[in-house]
Amino acid sequence: VLSLGLVLQGAWAQPTTPLFPLRADGVYVNRQQSEDDTYCEYLRFYPTGTVITVSSECGAEALQSIRAWFRADRAGPRVDGVSRGRVARRDRQVSFRAVSKEGAVRFEGQVFENHLLLRSHSEINGHDDQQRFDFVRW
């Protein structure tokens, strides 16, 4: 009985560690299709806890051209089309509020090995969505 108590105590005493890291060596991509357009939403996470979101064209060529937009020091409410936020993380759960000139969008969901499943809520127009973001390494 004593040894079981020590095992349980040890299990609870260990700090919480993420099952899968938020990768910072590329971007997470979600492809959006509307009636008359296709675009991609990109998320980039930084080891400092910053996240940047950008919407643009899809494909390898577009991904190369927007690479310069993902500078953590430039993103945020001052730059058109680029949102910035701070990530909160606990185990597989992640949440952040990305703020741009237009307003803010809240994201929350789960982290998996090579993708994210996120729910979003736009504080700009009230739109709610569920999205899968697949990781693409740079």
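Up top is the structure these notes are about.
Residues numbered from 1 in each chain as written. Predicted model: local features only at pLDDT ≥ 70, side-chain atom pairs only at ≥ 80, totals over all residues. Heavy atoms only, no water.

Participant: I would appreciate a short explanation of the environment of Ser100 in the present structure.
Facilitator: Tracing the chain through its elements places Ser100 in the loop between strand E6 (93-99) and strand E7 (104-111). For Ser100, a relative accessible area of 8% gives the class buried. For Ser100, the side chain forms a polar contact with the side chain of Glu102, separated by 2.9 Å. (Helix = DSSP H or I, 4+ residues; strand = E, 2+ residues; numbered from the N terminus. Buried < 20%, exposed > 50% of the residue type's maximum accessible area, 1.4 Å probe, protein only. Polar contact = N/O pair within 3.5 Å; in protein donor to acceptor, adjacent residues only side chain to side chain.)

Participant: Honestly, the nonpolar core in this entry has me stumped. Any pointers?
Facilitator: Side chains of nonpolar character tend, in soluble globular proteins, to be buried together. Ranked by internal contacts, the top residues of the largest apolar core, which has 14 residues, are Tyr28, Leu43, Phe45, Phe96, Leu116 and Leu118. Secondary structure elements with two or more residues in this core: strand E2 (38-45), E6, E7, strand E8 (115-122) and strand E9 (128-137). With three residues, the single largest contributor to this core is E6. With residues near it in sequence (within four places) discarded, Leu43 still touches Val27, Tyr28, Ile52, Thr53, Phe96, Leu116, Leu118 and Phe133. Val27, Tyr42, Tyr46 and Ile52 belong to the second largest nonpolar core, which has 12 residues in total. (Core = buried A, V, L, I, M, F, W, Y, C linked by side-chain atoms within 4.5 Å. Contact = heavy atoms within 4.5 Å.)

Participant: Hey, could you run me through the pattern of salt bridges in this one?
Facilitator: Side chains that differ in charge, positive against negative, can pair when their charged atoms come close. Using the criterion set out here, one finds six salt bridges in the structure. Put simply, Arg97 and Glu123 hold a salt bridge, and the shortest N to O gap is 2.8 Å. Residue Arg97 is found in strand E6, and its partner Glu123 is found in the loop between E8 and E9; the two are separated by 26 residues along the sequence. A relative accessible area of 42% places Arg97 in the partly exposed class. Looking at Glu123, the relative accessible area reads 37%, which means it is partly exposed. (Salt bridge = Lys/Arg side-chain N within 4 Å of Asp/Glu carboxyl O.)

By themselves, these figures tell us nothing about what the structure is for.
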